[in-house]
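# Fold and geometry: a report
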Amino acid sequence: MSHKRIPKRKAAIAVGGVAALGAAALLLPQANASQDGGARGGASTARTLKADDAGDLAARLSKLLGDAFAGSYYDSANRQLVVNVTDVSGDNNVIVQAKKAGAEVREVDNSTAELRAAARTLRTKATIPGTAWAVDPRTNKILVTADSTVTGTRWDRLESTVDGLGSGMATIKKSAGTLKTFVSGGDAIFGGGARCSLGFNVTAGDGSPAFLTAGHCGVAAEQWSDAQNGAPIATVDQATFPGNGDFALVKYDDPNTQAPSDVNVGGGQSVQILQAAEATVGQQVFRMGSTTGLHDGQVLGLDATVNYPEGTVTGLIQTDVCAEPGDSGGSLFTQDGGAVGLTSGGSGDCTSGGETFFQPVTTALAATGATLGDAGAGGGQQAGDGQQAGGDQQAGGDQQAGDGQQVGGDQIGGGQEAGAGTGDGSDGSGAADDPSGADASNGQAPGTGHASGTGNAGRSGRSGLTDTH
């Protein structure tokens, strides 16, 4: 994300190395390309669609088909929307309507109501730290994820609950990593000893310039700066975490702050953010964060529930895009300029892979009353004007993590993580190697990569799901 008042973290793409450059190669050359077309694949009557258009069609069909609608996903290989339908025996009109609208139709066993009921059972009986679940329309099941901390009686409880849902209703995936929030960094922001990422610039309901970031960042500190130990430039207006989301609205203290609506992706390039977009399973998405730079992947599930030690968060997007500590709050977007999500948490890293969960931008905007836009920012503050990626404020400057080492790796995971060193590990927050809260001033702060999780630290003393990397 680029904007006039946060110019320091501009070369994050370099951190991700080959992976980040690969994502950039996918993103930038196609930024203005259209995937629309009238081609028909084989004998199918399904239309070829852009992922964003497929999402719009899915929303319309959900209302049109009513109870028969059982989810949908985007087939990226064929560029088609696949719609699941159920209980259509004797009512061929349902299938006709869906096909006429341009979707590929597939009959499945589990209805939306049945899947939602199963998710409610999981929440009642298996709300265990280190677990998450989301509906996977490609398998027509609930995908349950359990991280490496779910063992012994907790694993038995989870497995028993899933079995009790009935055959063909849910599957369990064991993750080698540990679910956690990713506080630490588009652009890095600092507050209360925590480090996060700016997500998207917006206009608050009162017309003032603001930005969205993760809610667990918003509850970690009230005031935020664009530099480590720098003067505050923005103040939290609203924050939700845990509960019905993970998002915060932070208003710039200077009402004249220019905050353009784009995402800085490094190398002097930016992607203009044109609108908020709903996620679609199967859709290709890009994530930008100051720790690991630019990475891409696919949406795996919607309406995900994640059980953090500090509480359950609902309504998230599940993806296979990697992330690491410091990426919290960062932008999830499409190559067509759709703002999709804000980085919440996940497991794994950008070396071994993993799963990451995101707060939907549409929900955050509706809850805060904000709108996407630059609050009157001029176009001159876009990437490439000397304040963006490729400018002279490269990551590794004297106010960023690393002194020429970029912003990646685990140097930003040091004890500056919110709540570091305050947990005993029993609640999943873990203990930090360096409880002093040292920040990432040189990329090698004591406790690097071992701070307890993030989130609520400034207030409750614990915030992350588990130890950070």
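In case you missed it, the structure is sitting above this.
Residues numbered from 1 in each chain as written. Predicted model: local features only at pLDDT ≥ 70, side-chain atom pairs only at ≥ 80, totals over all residues. Heavy atoms only, no water.

### Thoughts on the state of the cysteines
Counted by the stated rule, this structure contains 2 disulfides. In this model, Cys322 is linked to Cys350 through a disulfide, with the two sulfur atoms separated by 2.0 Å. Looking along the S-S bond of the Cys322-Cys350 disulfide, the torsion reads about 95°, which is the right-handed sense. Of this pair, Cys322 sits in the loop between strand S20 (311-319) and strand S21 (331-333) while Cys350 is found in the loop between strand S22 (338-346) and strand S23 (356-360), placing the two residues 28 residues apart along the sequence. Taking relative accessible area as the criterion, Cys322 reaches 11% and is therefore assigned buried. Numbered in order of appearance, the disulfide-bonded cysteines of the protein chain are paired 1-2, 3-4. (Disulfide = S-S within 2.5 Å. Helix = DSSP H or I, 4+ residues; strand = E, 2+ residues; numbered from the N terminus. Buried < 20%, exposed > 50% of the residue type's maximum accessible area, 1.4 Å probe, protein only.)

### Things to note about the pairing of strand S16 (residues 269-272)
As judged from the 4 bridges shared by strand S15 (residues 262-266) and S16, these two strands associate in the antiparallel manner. By the bridge assignment for S16, Val263 is matched with Val271. Between S15 and S16, which pair antiparallel and follow one another directly, the connecting turn spans 2 residues, one of which, Gly267, has a positive phi of 65°. (Pairing = 2+ DSSP bridges.)

### Some details on the environment of Gln283
By the element assignment, Gln283 lies in the loop between strand S17 (275-276) and strand S18 (284-289). Under the relative-accessibility criterion, Gln283 is labelled buried at 0%. In this structure the C-alpha to C-alpha distance between Gln283 and Thr334, which are 51 residues apart in sequence, comes to 8.7 Å. Excluding its chain neighbours within four sequence positions, the residues that come into contact with Gln283 are Ala51, Asp52, Tyr74, Glu278, Gly297, Gln298, Val299 and Thr334. (Contact = heavy atoms within 4.5 Å.)

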